[in-house]
Amino acid sequence: MARNKHPEETVHLIVTVAFRLFMEKGYEHTSIQDIIDNLGGLSKGAIYHHFKSKEDILIAVSDMMTAESNQMLAQIRDRSDLNGKEKMKTIFKESISRPVQNDIFTIAANFHNNPKLLFSLLHDTIDCVAPDYILPIINQGIADGSIETEYPEQLAELILLVANVWLNPMIFDSSVEETCRKFMIFSQMLQAFGLDIVDDELLERLKELVAIYQKSK
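These numbers come from a predicted model, not from an experiment.

Draft legend 1. Quick peek at the overall build of the protein chain. Per the secondary structure count, the protein chain includes 12 helices and zero strands. Seen in sequence order, the protein chain has helices and strands lined up from the N terminus as α-α-α-α-α-α-α-α-α-α-α-α. By its C-alpha atoms, the protein chain is 60 × 40 × 25 Å across when sized along the principal axes. Of the roughly 11,300 Å² that the protein chain leaves accessible, carbon and sulfur atoms contribute 54%.

Rendered as structure tokens:
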């Protein structure tokens, strides 16, 4: 009865335990039974009361991990000491440098087998991150002359889709070498809009994350 009075605590426990197991065993090698065995007495029914599947748990884990990212994006968006281009460069640097990225790539979820997770990523990218965080920065950059485009909404979506999807080895299973080649094309694309905002430091960090994923999958 106590669990029913505090469902948010039950959800938090399930998500926290699942996150730890995904880190230790990998998503593909963690079963619902593994999660149940580490819930301190909660039943399978308690899990399925809140989550329909392991995929739904993974989405909740991802939401927990991206909440911090959205807070970081909002802080950079709202800074008054940077122009639009500088904010975009700061976002790339801060996003890829966060220690939680190691956790994300260690979990090594296979998007091919998790269409709900892929849809969640695409939905969040187009309906939340692009309009709420990136578009205002691009509009600022147009106003202050640091970004050149006549299509700010489409540019915001394009940048995020390339960065979060096309460059994501968990979707296309790209090797370190292939990811490097994609990164160079991405860099050239950004420069066409006056956004020379990615550098060798970012590339080295991306290579590190891809190596983590390839090792963990």
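Draft legend 2. Inspection of helix α5 (residues 54–77) at higher detail. With 24 residues, α5 ought to run about 34 Å at 1.5 Å a step, and its terminal C-alpha atoms sit 34 Å apart, in line with that. At T66, α5 shows its maximal kink, close to 30°. With a side-chain oxygen lying 3.3 Å from the backbone nitrogen of E55, the N-terminal cap of α5 falls on S53.

Draft legend 3. Highlighting the confidence of the model for the protein chain. Taken residue by residue, the protein chain gives an average pLDDT of 89. The fraction at 70 or more is 97%. Per-residue pLDDT, averaged within each element of the protein chain, yields its smallest value for helix α1 (residues 2–5) (46) and its largest for helix α9 (residues 152–166) (96).

Draft legend 4. The pattern of salt bridges, seen in detail. Applying the stated criterion to the full structure yields eight salt bridges. One salt bridge in this structure joins D34 and K25, with 3.8 Å as the shortest N-O distance. A salt bridge links D196 to K85; the shortest N-O distance between them is 2.4 Å. With D196 in the loop between α11 (176–192) and α12 (200–216) and K85 in helix α6 (residues 84–97), this residue pair connects regions lying 111 residues apart in the sequence.

Draft legend 5. Main features of the packing of aromatic side chains. If you walk through the whole model with that rule in mind, you get two aromatic pairs. Considering the side-chain rings of F92 and F186, the 5.8 Å spacing of their centres and the 55° angle between planes classify their relative orientation as tilted. Residue F92 is found in helix α6, and its partner F186 is found in helix α11; the two are separated by 94 residues along the sequence. When its relative accessible area of 2% is taken as the criterion, F186 is described as buried. Over the aromatic face of Y27 sits the side chain of K54, whose NZ or CZ is 4.2 Å from the ring centroid.

Draft legend 6. Spatial organisation of the side chain of T125. Its location among the elements puts T125 in helix α8 (residues 115–144). Classification of T125 by relative accessible area gives buried; the value is 1%. Of the polar contacts made by the side chain of T125, one reaches the backbone oxygen of L121; its length is 2.8 Å. Sequence-distant contacts of T125, defined by excluding residues within four places in its chain, comprise A130, P131, L160, L161 and N164.

Draft legend 7. How the structure looks around the environment of D34. Along the chain, D34 turns up in helix α3 (residues 32–37). With 16 residues separating them along the chain, D34 and A18 place their C-alpha atoms 8.7 Å apart. Non-local contacts of D34, meaning those with residues more than four positions away in its chain, are made with L21, K25 and H29.

Draft legend 8. Representation of the packing of α6 against α12. Two elements in contact, α6 and α12, have axes whose closest approach is 10 Å; the angle formed by their N-to-C orientations is 30°. Viewed along their axes, α6 and α12 adopt a mutual orientation that is roughly parallel. The handedness of the crossing between α6 and α12 comes out as left-handed. Side by side, α6 and α12 meet where F92, K93, I96 and S97 of the first sit next to E201, L202, R205, L206 and L209 of the second. Looking at the contact of α6 with α12, its residues break down into five nonpolar, one polar and three charged.

Draft legend 9. How the structure looks around the nonpolar core. Counting residues in hydrophobic clusters, the biggest one holds 68 residues, and the most contacted among them are I57, V61 and I159. Looking at this core element by element, the count peaks at 10 residues for α5. With residues up to four places along the chain from it excluded, the contact list for V61 reads V15, A18, F19, F22 and I107.

Conventions used here
Residues numbered from 1 in each chain as written. Predicted model: local features only at pLDDT ≥ 70, side-chain atom pairs only at ≥ 80, totals over all residues. Heavy atoms only, no water. Helix = DSSP H or I, 4+ residues; strand = E, 2+ residues; numbered from the N terminus. Areas by Shrake-Rupley, 256 points an atom, 1.4 Å probe, with all protein chains shown as cover. Expected span 1.5 Å × (residues − 1). Bend = angle between axes of the 7 residues up to and from the residue. Polar contact = N/O pair within 3.5 Å; in protein donor to acceptor, adjacent residues only side chain to side chain. pLDDT = per-residue confidence, 0-100. Salt bridge = Lys/Arg side-chain N within 4 Å of Asp/Glu carboxyl O. Phe/Tyr/Trp six-rings, centres within 6.5 Å; stacked < 30°, edge-to-face > 60°. Buried < 20%, exposed > 50% of the residue type's maximum accessible area, 1.4 Å probe, protein only. Lys NZ or Arg CZ within 6 Å of the ring centre and 35° of its normal. Contact = heavy atoms within 4.5 Å. Axes fitted to C-alpha atoms, helices over the stretch in contact; angles between N-to-C directions. Parallel < 35°, antiparallel > 145°, perpendicular 65-115°, else oblique. Left-handed = near helix turned anticlockwise from the far one by under 90°. Nonpolar A, V, L, I, M, F, W, Y, C, P; charged D, E, K, R; others polar. Core = buried A, V, L, I, M, F, W, Y, C linked by side-chain atoms within 4.5 Å.

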